[in-house]
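Architecture at a glance
Single-letter residue listing:
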Amino acid sequence: VEPGVWTAAPEAVHDEYDVTHYDISLSLDIPNQVVTGTVEVNATAQIANLSEIDLDLYDAMTVDFVTAGGGPTSYTHADDILSVTLDGTYQIGEPFTVASGYHGTPGNPWPFFWRAHAGVPMVCSYSEPYGSPAWWVCKDDPKDKATFAIHLTVPDTLLAVSNGLLNSEINNGNGTKTFEWLHDYPMSPYLFSIAFF
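Residues numbered from 1 in each chain as written. Predicted model: local features only at pLDDT ≥ 70, side-chain atom pairs only at ≥ 80, totals over all residues. Heavy atoms only, no water.

Check the secondary structure of the chain and you find 0 helices and 15 strands. C-alpha atoms of the chain, sized along the principal axes, occupy 55 × 35 × 30 Å. A separation threshold of at least 6 residues defines the contact pool for the chain, and within that pool the share at least 24 residues apart is 69%. Accessible area for the chain stands at about 8,900 Å²; split by element, carbon and sulfur atoms hold 53% of it. Charged side chains of the chain number 5 positive and 25 negative; the gap between the two group centres comes to 10 Å. (Helix = DSSP H or I, 4+ residues; strand = E, 2+ residues; numbered from the N terminus. Contact = heavy atoms within 4.5 Å. Areas by Shrake-Rupley, 256 points an atom, 1.4 Å probe, with all protein chains shown as cover. Lys, Arg positive; Asp, Glu negative; His and termini not counted. Charge placed at Lys NZ, Arg CZ, Asp CG, Glu CD.)

Time to look at unusual backbone geometry. Omega for the peptide link from Glu128 to Pro129 comes to 0°, which places this bond in the cis form. Tracing the backbone shows Pro129 in the loop between β10 (120-125) and β11 (146-155). Phi angles above zero are rare outside glycine, and Asn49 is one such case at about 60°. The topology assignment puts Asn49 in the loop between β2 (34-45) and β3 (50-56).

This part takes up the sheet that holds strand β7 (residues 81-90). In space, the 3 strands of this open sheet follow the order β3-β7-β6, with antiparallel pairing throughout. The open sheet has two free edges, formed respectively by β3 and β6 (75-78), since each of these has just one partner strand. Shown here is a sheet whose adjacent strand axes are inclined to one another by a mean of 20°, direction ignored. Examined bridge by bridge, β3 and β7 share 6 bridges and lie antiparallel to one another. Across the sheet, the residue bridging to Asp54 is Ser83, located in β7. (Pairing = 2+ DSSP bridges. Axes fitted to C-alpha atoms, helices over the stretch in contact; angles between N-to-C directions.)

Note on placement: Phe179 falls in strand β14 (residues 176-187). For Phe179, a relative accessible area of 1% corresponds to the buried category. Spatially, the C-alpha atom of Phe179 lies 6.5 Å from that of Thr153, the residues being 26 residues apart in sequence. If we ignore the near neighbours within four places in the chain, the residues touching Phe179 are Ile150, His151, Leu152, Val154, Leu158, Leu159, Ala160, Leu166, Ser168 and Glu169. (Buried < 20%, exposed > 50% of the residue type's maximum accessible area, 1.4 Å probe, protein only.)

Summed over all chains, the structure comprises 4 salt bridges. With a shortest N-O distance of 3.5 Å, Lys143 and Asp15 are connected by a salt bridge. One end of the pair, Lys143, is in the loop between β10 and β11; the other, Asp15, is in the segment before β1 (17-29), and 128 residues separate them in sequence. Asp15 shares its class with Lys143; the two are exposed. The salt bridge involving Asp141 is made with Lys143; its shortest N-O contact spans 2.7 Å. Given a relative accessible area of 10%, Asp141 falls into the buried group. (Salt bridge = Lys/Arg side-chain N within 4 Å of Asp/Glu carboxyl O.)

If you trace the 8 strands from one edge of the open sheet to the other, you get β5-β4-β8-β2-β1-β11-β14-β13, paired in mixed fashion. The two strands at the open ends of the sheet, each matched to only one other strand, are β5 (71-72) and β13 (165-171). Relative to β2, β1 is paired through 12 bridges, and the arrangement is antiparallel. Along β2, the bridge assignment pairs Ile24 with Val39.

Right under this line is the structure:
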């Protein structure tokens, strides 16, 4: 996706499952404008005999690993779609979990804005309507709302904010802090946003 170009979500197969919760961990290499993340997706099957799902992640991002049910699994990442083989065959209403780790540089200037004010780095995201897969793994479907746990690791001189309520702020003792934000009211993926300053 070219910077600043607004396009529809990729043609992933989405109606076969329903996401109930995302657990997202992000860290930013601000000088190099690189995002490194891990996203755990908790979902339920919406069809019988579900054994594979499609998630959205633009090809500019590199997938480092994928797990299903806590163990390594096979996957493909092409044409902005991350297709994941589940750890079994799931029936309607059965819950399952997949997770993926990835890294890369989102589009600039959209949907990520890398700025500075008086020499202090400032970073913020803006994903509406279809920018989410440019920087995190998700089911990019506005009608599929989920709750969120968000862990943001930044230099300890910065503040990291996101959706929901701040649950904890941990000094990691290595020059970084991790802020945990919890959003217990289900929301669409494009509403998830972050800001560091």
